[in-house]
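Take a look at the letters that make up each chain.
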Amino acid sequence: MKHNFGAGPCILPKSVFEEASKSVINFNGLSILEISHRSQDFVDIMDEAQSLVKKTLNVPEGYSILFIQGGASLGFTISALNMISSSKPTAGYINTGTWSQGAINEAKNIGIKVSTIASSEDKNFNYIPKNINITENFDFIHYTSNNTIFGTQFQDIVNTNLPLVCDMSSDIFSKKIDISKFDIIYAGAQKNLGPAGATLFIVKNNIFDNSVGGEFMPKYLNLKNHIDKKSMLNTPPVFSIYTSMLNLRYMNKIGGIDTIESNNNLKALKLYEEIDSNPLFNSTVKGIDRSKMNVTFLLTNESLKETFDKMWNEAGIIGLKGHRSVGGYRASMYNALPLESVKILIEVMKEFSKKNG
Ligand SMILES: *Cc1c(COP(=O)(O)O)cnc(C)c1O
């Protein structure tokens, strides 16, 4: 048995893997991989996936759900382009790490004047900036709700009256969120939703009342076109959307976001408790800013690295190596990672400390 703590693509529920794999062989007589995206079968899948996103996240009236391609990385460009509402566009970005920086770079690339309105770069992104004071009248504000690499997470939605955009790639579907505060939310599927390939967009329909777009506005990057064509502007990533739909069904079957959120809270509580009480580990993030999805920690004694690595490898743990920008370890605990796997990791940490402490 393997315990997959990988940062993404990552673990999905076993029953979802099983049903998806059956459909690769036989989905109403064909493989899910060969059906036409214009067939009624797939139109039904798309409809169900979109309505399950609305149900699961309690999306209010006035929003559209889209599954498009390009990942969150193209989402940086798409979200910015569609939020431009003036001829000399400006935007306020919060810089909380690698992905935020990526979003900032792409906004600059399309000619937006970007102000970094808050940043945690001074401490290698190990905290979330607080009391952000927004004084300028930007076209929009952008932030990253969970910082997959640095292990920090916004506990509160950024407070502003300006249009708000959020990259929620690594914590969407992990907890309740008030969608009504946002104009665009985007997320690559491959963390909490499904296989890589689809990118989820939740778009407030009235952004297009003010949107002037960029001078550069290819058809595919204009979200209005995707809304008008019900996410079928071109061939969608059929398998990724289908499997995401299965996972959304699963989320609702086990009790929806409330159940998922309390499972995630428990997993995070247990692991942080161990990191804080075990003398051989140090958390890289303190207190309220800690991510419940990606837990980053270091050894207090680097010379024990080989010993610890051997122990977790032997326990069947996968994907625990930290990102190079932080070092150490990162335990990604997306929705589908069972509490059992977290308990195994904690046991290994306790055992390691007993033998080497
Ligand atoms: C994984 C991740 C991305 C990159 O997503 P792609 O779909 O690979 O482009 C962007 N932002 C965040 C917060 C992520 O976790």
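Definitions and cut-offs
Residues numbered from 1 in each chain as written. Predicted model: local features only at pLDDT ≥ 70, side-chain atom pairs only at ≥ 80, totals over all residues. Heavy atoms only, no water. Salt bridge = Lys/Arg side-chain N within 4 Å of Asp/Glu carboxyl O. Helix = DSSP H or I, 4+ residues; strand = E, 2+ residues; numbered from the N terminus. Axes fitted to C-alpha atoms, helices over the stretch in contact; angles between N-to-C directions. Parallel < 35°, antiparallel > 145°, perpendicular 65-115°, else oblique. Left-handed = near helix turned anticlockwise from the far one by under 90°. Contact = heavy atoms within 4.5 Å. Buried < 20%, exposed > 50% of the residue type's maximum accessible area, 1.4 Å probe, protein only. Polar contact = N/O pair within 3.5 Å; in protein donor to acceptor, adjacent residues only side chain to side chain. Domains from an automatic or database assignment. Buried area = accessible area lost by both parts, 1.4 Å probe. Phe/Tyr/Trp six-rings, centres within 6.5 Å; stacked < 30°, edge-to-face > 60°. Pairing = 2+ DSSP bridges. Near = heavy atom within 4 Å. Areas by Shrake-Rupley, 256 points an atom, 1.4 Å probe, with all protein chains shown as cover.

(A) How the structure looks around the pattern of salt bridges. Using the criterion set out here, one finds 13 salt bridges in the structure. The salt bridge involving Arg 249 is made with Glu 48; its shortest N-O contact spans 2.7 Å. Placement of the pair is Arg 249 in helix H7 (residues 238–253) and Glu 48 in helix H2 (residues 40–57), with a sequence separation of 201 residues. The structure contains a network of salt bridges with shared partners spanning Lys 176, Asp 258 and Glu 261.

(B) Inspection of the environment of Asn 161 at higher detail. Among the secondary structure elements, Asn 161 is positioned in the loop between strand S7 (152–153) and strand S8 (164–167). With 21 residues separating them along the chain, Asn 161 and Phe 140 place their C-alpha atoms 9.6 Å apart.

(C) Structural view of the packing of helix H3 (residues 71–83) against helix H4 (residues 98–109). Their axes nearest at 9 Å, the elements H3 and H4 cross at an angle of 45 degrees. It follows that H3 is oblique to H4 by the angle criterion. H4 is crossed by H3, and the crossing has right-handed handedness. Here H3 contributes Ser 73, Phe 76, Thr 77 and Ala 80 to the contact with H4, which in turn contributes Trp 99, Gly 102, Ala 103, Glu 106 and Ala 107.

(D) Summary view of the side chain of Ser 79. By the element assignment, Ser 79 lies in helix H3. Classification of Ser 79 by relative accessible area gives buried; the value is 0%. A polar side-chain atom of Ser 79 sits 2.7 Å from the main-chain carbonyl oxygen of Gly 75. In this structure Ser 79 touches Val 165, Ile 184 and Tyr 186, once residues within four positions along its chain are discounted.

(E) Summary view of the domain arrangement of the chain. Per the domain assignment, the segments making up the chain are domain 1 (14–253) and domain 2 (256–356). Relative placement of domain 1 and domain 2: their C-alpha centres are 28 Å apart. Contacts between the two partners involve 26 residues from domain 1, matched on the other side by 23 residues from domain 2. Of the roughly 2000 Å² buried between domain 1 and domain 2 on both sides combined, carbon and sulfur atoms contribute 48%. Linking domain 1 to domain 2 there are 3 salt bridges. Its salt-bridge partner being Asp 258, residue Lys 176 comes within 2.9 Å of it at the nearest N-O pair.

(F) Representation of the packing of aromatic side chains. Tallied over the full model, the rule gives 14 aromatic pairs. Plain terms: the ring middles of Tyr 93 and Phe 140 are 5.8 Å apart, the flat faces sit at 70 degrees to each other, and that makes the pair edge-to-face. In this pair, Tyr 93 sits in strand S3 (residues 90–95) while Phe 140 sits in strand S5 (residues 140–144), placing the two residues 47 residues apart along the sequence. With a centroid separation of 4.7 Å and 65 degrees between ring planes, the pair formed by Tyr 143 and Phe 154 is classed as edge-to-face. Separated by 11 residues along the polypeptide, Tyr 143 in strand S5 and Phe 154 in the loop between S7 and S8 bring together distant segments of the chain.

(G) Quick look at the sheet that holds strand S14 (residues 329–332). The antiparallel open sheet is built from 3 strands, whose spatial order is S11-S12-S14. Of all the strands in the sheet, just strand S11 (281–283) and S14 have a single pairing partner and so form its edges. Each strand axis lies, on average, 35 degrees off the axis of its neighbour in the sheet, ignoring direction. Pairing of strand S12 (residues 294–299) with S14, which is carried by 4 bridges, proceeds in the antiparallel orientation. Following the sheet pairing, Thr 296 is matched in S14 by Arg 330. Set on the sheet, helix H9 (residues 305–314) makes contact with S11, S12 and S14; between it and S14 the angle comes to about 20 degrees.

(H) Up close: the site of the ligand. Lining the immediate surroundings of the ligand are Gly 71, Ala 72, Ser 73, Trp 99, Thr 144, Asn 146, Thr 148, Asp 167, Ser 169, Ser 170, Gln 190 and Lys 191. Separating an oxygen atom of the ligand from a backbone N or O atom of Ala 72 is a distance of 3.0 Å. A distance of 2.7 Å separates a nitrogen atom of the ligand from a polar side-chain atom of Asp 167. In isolation the ligand offers 390 Å² of accessible surface; the protein chains occlude 87% of this area. Here the shell around the ligand gets 3 residues from one element, more than from any other, and that element is H3.

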